[in-house]
Amino acid sequence: MGNAKLYKGSLVTIILKLLNEHDKMYGYEITQRVKEITKNELKITEGALYPSLHKLEAEGLLDVEVLKVDNRLRKYYKLTEKGTKETVNKLAELENYIKTMRALVNPKFRLE
């Protein structure tokens, strides 16, 4: 994707959606899953991902579990109940945004 700024505003929604689909994930796993799903079109950097994860945790949307894996500590993120509810809201907002943009870009898809 040519312009990383286009998806930057959707990063929180992407994170919440992935965590909603999986019980828990760690940061690198999130970045790799996004690359896989988008066939390398979207690449989330650690510099963008971790501040978003920390913000979501501070807002009470994520819980963090630290586990020892291969003699290293790994932080796993999972949705709280509040995070699950916010995922529904964020996905609805994104769907509406996509619908609106589609109407602007392609007049065949006028809003009803």
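Residues numbered from 1 in each chain as written. Predicted model: local features only at pLDDT ≥ 70, side-chain atom pairs only at ≥ 80, totals over all residues. Heavy atoms only, no water.

- As recorded in an unreviewed UniProt entry, the chain goes by the name PadR family transcriptional regulator, listed as coming from Flavivirga spongiicola.

## Looking at the sheet that holds strand 2 (residues 62-69)
- Strand order across the open sheet formed by three strands is 1-3-2, with antiparallel pairing between neighbours. Of all strands in the sheet, those with a lone pairing partner are strand 1 (25-26) and strand 2, marking the two edges. (Pairing = 2+ DSSP bridges. Helix = DSSP H or I, 4+ residues; strand = E, 2+ residues; numbered from the N terminus.)

## Side note on the pairing of strand 3 (residues 72-79)
- The sheet contact formed by strand 1 and strand 3 spans two bridges and is antiparallel. Following the sheet pairing, Met25 is matched in strand 3 by Tyr77.
- As paired strands, strand 2 and strand 3 are joined by eight bridges and run antiparallel to one another. Looking at the pairing, Lys68 lines up with Leu73 of strand 3.
- Connecting strand 2 to the antiparallel partner strand 3 that follows it, the hairpin turn spans two residues, and Asp70 within it adopts a positive phi of roughly 50°.

## What about the packing of aromatic side chains?
- For the coordinates displayed, the defined rule picks out one aromatic pair.
- The cationic tip of Lys24 hangs over the ring face of Tyr76; the distance from NZ or CZ to the ring centre is 5.4 Å.
- Lying over the aromatic face of Tyr26, Arg74 brings its terminal NZ or CZ to 3.8 Å of the ring centre. (Phe/Tyr/Trp six-rings, centres within 6.5 Å; stacked < 30°, edge-to-face > 60°. Lys NZ or Arg CZ within 6 Å of the ring centre and 35° of its normal.)

## Regarding the environment of Val66
- Considering the arrangement of structural elements, one finds Val66 in strand 2.
- By relative accessible area, which is 46% here, Val66 ends up partly exposed.
- For the pair Val66 and Tyr76, spaced 10 residues apart in the sequence, the C-alpha separation amounts to 6.1 Å.
- Setting aside anything within four residues of it in sequence, one finds Val66 in contact with Leu73, Arg74 and Lys75. (Buried < 20%, exposed > 50% of the residue type's maximum accessible area, 1.4 Å probe, protein only. Contact = heavy atoms within 4.5 Å.)

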